[in-house]
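# Observations on chain architecture
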Amino acid sequence: MEVKETPILYSFRRCPYAIRARLALSSANIKVEIREVVLKEKPKEFIEVSASKTVPCLVTDESVIDESLDIMLWALNQNDPENWLDMPDEGFEVINLIEDKFKPYLDKTKYSSRYPKDEFEGNRMIATDILKDLDRFQKGKYFFGNKMSLCDVAVFPFVRQFAFINIDWFNGIQWRNLNDWLNYFLDSEMFVSCQKKYIKWESGNSTVYFP
Ligand SMILES: N[C@@H](CCC(=O)N[C@@H](CS)C(=O)NCC(=O)O)C(=O)O
């Protein structure tokens, strides 16, 4: 019988893309060797293998998967006990909207000191309006009804990041469902167990497995 190597996941605890990759690997119950990358000191092993030099990056004995959504799909296509892939195609449109339209304004709000001061309110408002549309769009407890799907999991880490720029301000908005949805994730065993702290990986460290 062919023995497969344990895949290696280059990850960073706080990165929203890495969070969603870990959530999918954990749901699929796929064990990986986790290597915590400090983005300012990327290890040479990571630089050599990742074309984009971004985390997450999953190295299997067959390929290198450099995009978080591809890592999620790779994991869930092998094992999807919670049926996250059971989602209308519209889910991918929502994921794209968050990555392409929301993320730039999330960054401009979060890292506002890098941008002109007078643009802060406008940038934050653009990001908030996108989330308000999503809030109206939500069809139940989750985006597509009462069952969690890939879309919820792929989008959650970005909404979380935006909310915690100023959680009091975020909580002050009259959300229809989005705040309950966010809190559900934040309090879930699933998320908490994906946010364990790991020390920075260096060649020669003993192997750490996730989940
Ligand atoms: N499209 C990539 C984006 C990943 C990404 O941008 N990750 C950030 C961290 S949140 C990163 O590694 N940035 C590289 C750097 O800061 O040097 C994915 O979905 O995996």
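Numbers given to residues run from 1 along each chain, matching the order in which its sequence is written. Two thresholds apply to this predicted model, a pLDDT of at least 70 for residue-level local features and 80 or more for giving and counting side-chain atom pairs, whereas whole-chain, interface and lining totals are computed over all residues. Hydrogen atoms and water are omitted, and side-chain values are computed over all heavy atoms in the structure.

### A word on empty space enclosed by the protein
In the cavity and pocket records, a cavity denotes points on a 1 Å grid over the protein atoms alone where a 1.4 Å probe fits but cannot get out, a pocket denotes an open set with protein on both sides within 12 Å along at least 5 of 7 lines, and lining residues are residues with an atom within 4 Å of a point. Grid points are joined across faces, edges and corners, and a volume is the space filled by probe spheres set on the points. For the structure shown, the criterion picks out 1 cavity of 30 Å³ or more. When its volume is computed, the largest cavity comes out at roughly 40 Å³. Taken together, Thr109, Arg124, Phe162, Ile165, Asn166 and Trp169 form the lining of the largest cavity. As a working rule, the residues Ala, Val, Leu, Ile, Met, Phe, Trp, Tyr, Cys and Pro are called nonpolar, Asp, Glu, Lys and Arg charged, and the rest polar, with Gly in that last group. Split by residue class, the lining of the largest cavity holds 3 nonpolar, 2 polar and 1 charged.

### A short note on the environment of Val38
Helix and strand definitions follow DSSP, with helices as H or I runs of at least four residues and strands as E runs of at least two, each counted in order from the N terminus. Positionally, Val38 belongs in the loop between β2 (32-36) and α2 (44-49). The buried label goes to any residue with under 20% of its type's maximum accessible area, the exposed label to any with over 50%, and the partly exposed label to all in between, with areas taken from a 1.4 Å probe on protein chains only. Relative accessible area serves as the criterion here: at 27%, Val38 is assigned to the partly exposed category. Distance from Val38 to Arg13, taken between C-alpha atoms, is 9.4 Å for residues 25 residues apart in sequence.

### Some details on the domain arrangement of the chain
Often, the extent of an interface is quoted as the loss of accessible area upon association of its parts. An automatic or database domain assignment supplies the residue ranges for each domain. Once the domains are mapped, the chain shows domain 1 (8-82 + 192-210) and domain 2 (90-188). A straight line from the C-alpha centre of domain 1 to that of domain 2 covers 23 Å. Roughly 1,200 Å² of surface becomes buried between domain 1 and domain 2 when both sides are summed, with 68% attributable to carbon and sulfur atoms. Every case where a carboxyl oxygen of Asp or Glu lies within 4 Å of a side-chain nitrogen of Lys or Arg is listed as a salt bridge. The interface formed by domain 1 and domain 2 contains 1 salt bridge. Ionic pairing is found between Glu99 and Arg20, a salt bridge with its closest N-O pair at 2.4 Å. Mapped onto the side of domain 1 that touches domain 2, the elements with two or more residues apiece are α1 (16-27) and α3 (68-78). At 5 residues, the largest contribution of residues to the side of domain 1 that touches domain 2 is made by α1. A breakdown of the residues in the side of domain 1 that touches domain 2 according to their chemical character gives 9 nonpolar, 1 polar and 3 charged. Two parts placed together each lose some accessible area under a 1.4 Å probe, and the buried area is that loss summed for both.

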